[in-house]
Amino acid sequence: MNARHEGKAITQMCKMIASVGLIVGFSLFLLSFIADGYNKDFFLTIISLGIMGASMFMFGFGTFMGILTDTFQKAETNS
């Protein structure tokens, strides 16, 4: 892989992981309102909010790493 596109690949991968996590988390969140028998202690709601929070954290961290990689490579080529 070309070193110039490495940061964009990291960002794209984290976007895909975060979008899958958000879809799964939101689906479980909606399911937690329907499945009353399984959700007595709000277990599904807590798990779904945890998955969505982890996905948002992964997106932020991946975006930060992608920007950091691009910036480092641009600084390396300019000097």
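Before reading further, recall that the structure is shown in the block above.
A brief look at the structure comes next.

## Considerations on the overall build of the chain
Inference 1: A count of helices and strands for the chain gives two helices and zero strands.
Inference 2: For the chain, the proportion of its 79 residues judged to be buried stands at 23%.
Inference 3: Sequence separation of at least 24 residues holds for 65% of the intrachain contacts in the chain that already meet a minimum separation of 6.
Inference 4: Surface summary for the chain: the accessible area is close to 6000 Å², and the carbon and sulfur share equals 74%.

## Some words on a nonpolar patch on the surface
Inference 1: A cluster of nonpolar residues, Phe26, Leu30, Leu31, Phe33 and Ile34, forms a patch on the protein surface that exposes about 540 Å² of accessible area.
Inference 2: Structurally, Phe33 is set in helix α1 (residues 6-34).
Inference 3: Owing to a relative accessible area of 54%, Phe33 belongs among the exposed residues under this scheme.

## Thoughts on helix α2 (residues 43-78)
Inference 1: A rise of 1.5 Å per residue sets the reference length of α2, with its 36 residues, at 52 Å; its end C-alpha atoms lie 52 Å apart and thus fit the reference within 8%.
Inference 2: Turning to α2, its buried residues number three or more, namely Leu44, Thr45, Ser48, Met52, Ser55, Gly62, Gly66, Thr69 and Gln73.
Inference 3: The secondary structure elements touched by the buried residues of α2 are α1.

Conventions adopted
- Position labels on residues start from 1 in each chain and follow its written sequence.
- With the structure being a predicted model, the display of local features is reserved for residues of pLDDT at least 70 and the display and counting of side-chain atom pairs for 80 or more, all residues being used for whole-chain, interface and lining totals.
- Remark: hydrogens and water are excluded; side-chain values derive from all non-hydrogen atoms of the structure.
- Secondary structure elements follow DSSP: runs of H or I of four or more residues count as helices, runs of E of two or more count as strands, with numbering from the N terminus.
- Burial classes: relative accessible area under 20% of the type maximum marks a residue as buried, over 50% as exposed, and values in between as partly exposed (1.4 Å probe, protein chains only).
- Contacts are assigned to residue pairs that have any heavy atoms within 4.5 Å of one another.
- All accessible-area figures derive from a Shrake-Rupley calculation using a 1.4 Å probe, and residue coverage is judged against the displayed protein chains alone.
- Each patch is assembled from residues with relative accessible area greater than 30% and no salt bridge, linking like charges that lie within 9 Å and nonpolar side chains (Val, Leu, Ile, Met, Phe, Trp, Tyr) that lie within 5 Å.
- Any carboxyl oxygen of Asp or Glu within 4 Å of a side-chain nitrogen of Lys or Arg constitutes a salt bridge here.
- Take the number of residues in a helix, subtract one, and multiply by 1.5 Å to get its expected span.

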